[in-house]
Amino acid sequence: MFHGKGLGKNTYQFFTPQMNIAVKRRAAMESSLRAAVKNGDFTLVYQPQVDLVVGQVLAVEALLRWRHPDKGMIPPQSFIPAAEASGLIRPIGAWVLAEACRAARRWHDQGIEVGISVNVSAAQLRHQDLASTVAQALQSTGLPPGQLELELTESMFVDPTQLTVHRAVQAIAAMGVRLAIDDFGTGYSSLGYLKRLPVHKIKIDKSFVRELGRDAADAAIVRSIIGLAMTFGKRVLAEGVEEASQYRFLLAEGCHEAQGYYFARPLPEHACSDFLLQHGTLAPALPVAERQAG
């Protein structure tokens with residue numbers, strides 16, 4: 001029945017053993033996630049976001065990991081869909097937001113002025129309590145709203161009738177929290193929402209950055225996105241920068257920021273603290289890889 005509903009209305013499906021296996025896997029995943037929420041088995045790692053012109057680390061992106069007792073570290077793409085389907089994304093997302101704000105506050109107390117970027121799922125945004133969750137995280141940690149950035153995906157704005165989504169975005173922006181569109185170019189791109197919504201940054205998906213210098217089409221797409229962002233007065237950040245040639249292309253085209261292994265891998269909080277103290281607010285105008293090589 002659920003398989004048929006997933007394929008759309010007015011259809012039917014014959015039962016197969018594979019369906020039963022899939023149901024059992026979903027049930028096992030949900031049970032494990034509930035235990036993980038109860039036991040506090042989640043952790044965050046942080047990846048620096050660098051100003052390409054001056055080399056300054058402007059912010060870090062908080063990335064969720066699940067410390068599974070048997071399977072080790074599990075990346076979010078392996079469990080977030082199940083968390084969304086089960087409703088567990090709300091307590092997980094609230095913890096991520098609060099923990100990221102606490103980390104940013106700890107850095108602030110060390111004299112490191114760095115922003116924190118947190119991903120928000122569509123399931124979180126559709127609930128009316130997201131704005132209050134954001135406000136509570138900021139109030140409990142004392143983090144200035146301008147140091148928090150929420151990353152949203154294009155698909156969240158496809159349906160113009162989703163008033164809950166638009167109201168939540170407007171309420172969060174009114175607090176002074178910054179908003180970014182993640183994975184730009186991979187979803188339902190619309191110039192309309194760039195004009196209407198209080199978005200300050202566009203993030204170019206790493207799939208377009210990966211072949212820069214080798215694929216003319218990707219170069220044209222990246223160049224177009226940078227130009228589009230500038231037209232609308234938005235900052236633009238490129239994800240997945242791993243090579244010097246990619247860095248130089250983005251810098252030449254006027255891209256403002258970047259993140260990726262070329263600068264730093266995702267780091268636990270203590271390692272990220274050391275990185276920020278070493279390369280943070282007054283870093284030279286060279287990527288970390290080139291500074292270390294020199």
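Before reading further, recall that the structure is shown in the block above.
Residues numbered from 1 in each chain as written. Predicted model: local features only at pLDDT ≥ 70, side-chain atom pairs only at ≥ 80, totals over all residues. Heavy atoms only, no water.

Peer 1: Looking at this structure, I do not really get the overall build of the protein chain. What am I missing?
Peer 2: A count of helices and strands for the protein chain gives 13 helices and nine strands. In the protein chain, which comprises 294 residues, the share counted as buried stands at 45%. Partitioning the contacts of the protein chain with sequence separation of at least 6, the portion at a separation of at least 24 is 66%. Accessible surface for the protein chain amounts to roughly 14800 Å². Of this, 54% is attributable to carbon and sulfur atoms. (Helix = DSSP H or I, 4+ residues; strand = E, 2+ residues; numbered from the N terminus. Buried < 20%, exposed > 50% of the residue type's maximum accessible area, 1.4 Å probe, protein only. Contact = heavy atoms within 4.5 Å. Areas by Shrake-Rupley, 256 points an atom, 1.4 Å probe, with all protein chains shown as cover.)

Peer 1: Whenever I open this one, empty space enclosed by the protein confuses me. Can you help?
Peer 2: The method is simple in principle: a probe with the dimensions of a water molecule rolls over the atoms, and the space it marks as empty is what remains. Scanning all chains against the criterion turns up one cavity of 30 Å³ or more. Its boundaries defined by the atoms lining it, the largest cavity holds a volume of some 60 Å³. Around the largest cavity sit Gly-93, Val-96, Leu-97, Val-118, Asn-119, Val-120, Gln-124, Leu-130, Val-134 and Leu-150, which together line it. Of all the secondary structure elements, the ones that give two or more residues to the lining of the largest cavity are α4 (89–109), β4 (115–119) and α6 (130–141). Top contributing element to the lining of the largest cavity by residue count: α4, with three residues. Here the lining of the largest cavity is built from residues that sort into seven nonpolar, three polar and no charged. (1 Å grid on protein atoms, 1.4 Å probe; cavity = no way out; pocket = protein on both sides within 12 Å on 5 of 7 lines; lining within 4 Å. Points joined across faces, edges and corners; volume = space filled by probe spheres on them. Nonpolar A, V, L, I, M, F, W, Y, C, P; charged D, E, K, R; others polar.)

Peer 1: Teacher, can you tell me more about the packing of helix α10 (residues 216–231) against helix α11 (residues 244–253) here?
Peer 2: Each pair of packed helices can be summarised by the angle the axes make with each other and by the distance between the axes. At their nearest, the axes of α10 and α11 sit 10 Å apart, and the two run at 35° to each other. Here α10 and α11 pass one another in a crossing that is right-handed. Where α10 approaches α11, its residues Ala-219, Val-222, Arg-223, Ile-226 and Met-230 are matched on the opposing element by Phe-249, Leu-250 and Glu-253. (Axes fitted to C-alpha atoms, helices over the stretch in contact; angles between N-to-C directions. Left-handed = near helix turned anticlockwise from the far one by under 90°.)

Peer 1: What is the right way to read α4 from this model?
Peer 2: Residues spaced three or four apart along an α-helix point in a common direction, a consequence of the helix completing one turn every 3.6 residues. With 21 residues, α4 should reach 30 Å at 1.5 Å per residue; the first-to-last C-alpha distance of 30 Å fits that figure. Of the residues making up α4, those classed as buried are Ile-89, Ile-92, Gly-93, Val-96, Leu-97, Ala-98, Glu-99, Ala-100, Cys-101, Ala-103, Ala-104 and Trp-107. Positive phi shows up at Gly-111, right after α4, with a value of about 85°. (Expected span 1.5 Å × (residues − 1).)

Peer 1: Hey, could you run me through the nonpolar core in this one?
Peer 2: Taken as a class, soluble globular proteins show a tendency for nonpolar side chains to be buried jointly. Formed by 80 residues in total, the largest nonpolar core has its most connected members in Trp-107, Ile-116, Leu-148, Leu-150 and Leu-250. With nine residues, α4 is the largest single contributor of residues to this core. Look past the residues within four positions of Leu-250 in its chain and what remains in contact with it is Leu-52, Leu-212, Val-222, Ile-226, Ala-238, Val-241 and Cys-255. (Core = buried A, V, L, I, M, F, W, Y, C linked by side-chain atoms within 4.5 Å.)

Peer 1: Would you take a moment to explain the side chain of Glu-149 for this structure?
Peer 2: Note on placement: Glu-149 falls in strand β5 (residues 148–153). In this structure Glu-149 comes out as buried when scored by relative accessible area, which is 6%. Side-chain polar atoms of Glu-149 contact the side chain of Lys-201, separated by 3.2 Å. Apart from the residues lying within four places of it in its own chain, the contact partners of Glu-149 are Gln-49, Ile-116, Ser-117, Val-118, Arg-178, Ala-180, His-200 and Lys-201. (Polar contact = N/O pair within 3.5 Å; in protein donor to acceptor, adjacent residues only side chain to side chain.)

Peer 1: Can you walk me through the packing of α4 against α6 in this structure?
Peer 2: The N-to-C vectors of α4 and α6 enclose an angle of 30°; their axes lie 9 Å apart at closest approach. One finds that α4 runs roughly parallel with respect to α6. Here α4 and α6 pass one another in a crossing that is right-handed. Here Ala-94, Leu-97, Ala-98, Cys-101, Arg-102 and Arg-105 of α4 lie close against α6, whose contacting residues are Thr-133, Val-134, Ala-137, Leu-138 and Thr-141. Of the residues assigned to the contact of α4 with α6, the class counts are seven nonpolar, two polar and two charged. (Parallel < 35°, antiparallel > 145°, perpendicular 65-115°, else oblique.)

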